[in-house]
Amino acid sequence: MALQDAFRTTLTAGTMTAAETAIERRVDRQGKVMLCIYTESANVEVKIQYVFDAGTSDALAKDIQTIDLTSGTLTMVNFDFPTGVLRVTYNNNDSDSITANVLKIDLHTAR
């Protein structure tokens, strides 16, 4: 699989006020999609969303999966079909504060 997009950030300790978009990518010509997600922070929640009508004022995102990440554990999500426009967002999970550390997300695709 080829790396299509990569996101790296250092999370600030504390509670986030809103979800942040890490990756938004159209992947409708690829037959396989894999997300690799890793953090050493505690209390990080990642949402994978499908975006309808991307690039318009009527864009609507619906959740595919919500993942509460485990610190120090690599999480992989696979789709064996074209997925259209995917958006990956991150936030603190519920009311728990994020610990300061790195968040890494790689989006791999294959035909």
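Look up: the structure comes first, before these words.
The structure displayed is predicted, hence computed values, not measured ones. (Residues numbered from 1 in each chain as written. Predicted model: local features only at pLDDT ≥ 70, side-chain atom pairs only at ≥ 80, totals over all residues. Heavy atoms only, no water.)

Undergrad: Sorry if this is basic, but what is going on with the overall build of the protein here?
TA: From N to C terminus, the protein includes zero helices and eight strands. Put simply, the protein runs from its N terminus to its C terminus through helices and strands in the order β-β-β-β-β-β-β-β. Taking 2.2 N^0.38 as the reference for a compact globule, 111 residues should give roughly 13 Å; the C-alpha atoms of the protein span a radius of gyration of 14 Å, in line with that estimate. Across its three principal directions, the C-alpha atoms of the protein cover 40 × 30 × 20 Å. In the protein, the proportion of contacts linking residues at least 24 apart, taken out of those at least 6 apart, comes to 81%. About 6100 Å² of surface is accessible on the protein, with carbon and sulfur atoms providing 44% of the total. Seen as two clouds, the 10 positive and the 14 negative side-chain charges of the protein have centres 9 Å apart. (Helix = DSSP H or I, 4+ residues; strand = E, 2+ residues; numbered from the N terminus. Rg over C-alpha atoms; globule rule 2.2 N^0.38 Å. Contact = heavy atoms within 4.5 Å. Areas by Shrake-Rupley, 256 points an atom, 1.4 Å probe, with all protein chains shown as cover. Lys, Arg positive; Asp, Glu negative; His and termini not counted. Charge placed at Lys NZ, Arg CZ, Asp CG, Glu CD.)

Undergrad: Teacher, can you tell me more about the packing of aromatic side chains here?
TA: When we look at a pair of aromatic rings, we describe it by the centre distance and by the angle of the planes. Enumeration according to the criterion identifies three aromatic pairs in this entry. Note on Phe7 and Tyr90: the rings are 5.6 Å apart at their centroids and 45 degrees apart in plane angle, and the pair reads as tilted. Note that Phe7 is positioned in strand S1 (residues 2–11) and Tyr90 in strand S7 (residues 85–92), a separation of 83 residues in sequence. Of the two residues, Phe7 and Tyr90, both sit in the buried class. (Phe/Tyr/Trp six-rings, centres within 6.5 Å; stacked < 30°, edge-to-face > 60°. Buried < 20%, exposed > 50% of the residue type's maximum accessible area, 1.4 Å probe, protein only.)

Undergrad: Where do I start with the nonpolar core in this structure?
TA: Within soluble globular proteins, side chains that are nonpolar generally end up buried alongside one another. Grouped together as the largest cluster of nonpolar side chains are 23 residues, with contacts concentrated most on Leu35, Tyr90, Leu103 and Ile105. Only S1, strand S2 (20–26), strand S3 (32–39), strand S4 (44–52), strand S6 (75–79), S7 and strand S8 (101–110) provide two or more residues apiece to this core. Aside from chain neighbours lying at most four places away, what touches Tyr90 is Phe7, Thr9, Leu11, Met16, Ala19, Glu20, Ala22, Glu45, Val46 and Leu103. (Core = buried A, V, L, I, M, F, W, Y, C linked by side-chain atoms within 4.5 Å.)

All quantities given are derived from atomic positions and should not be read as evidence of function.
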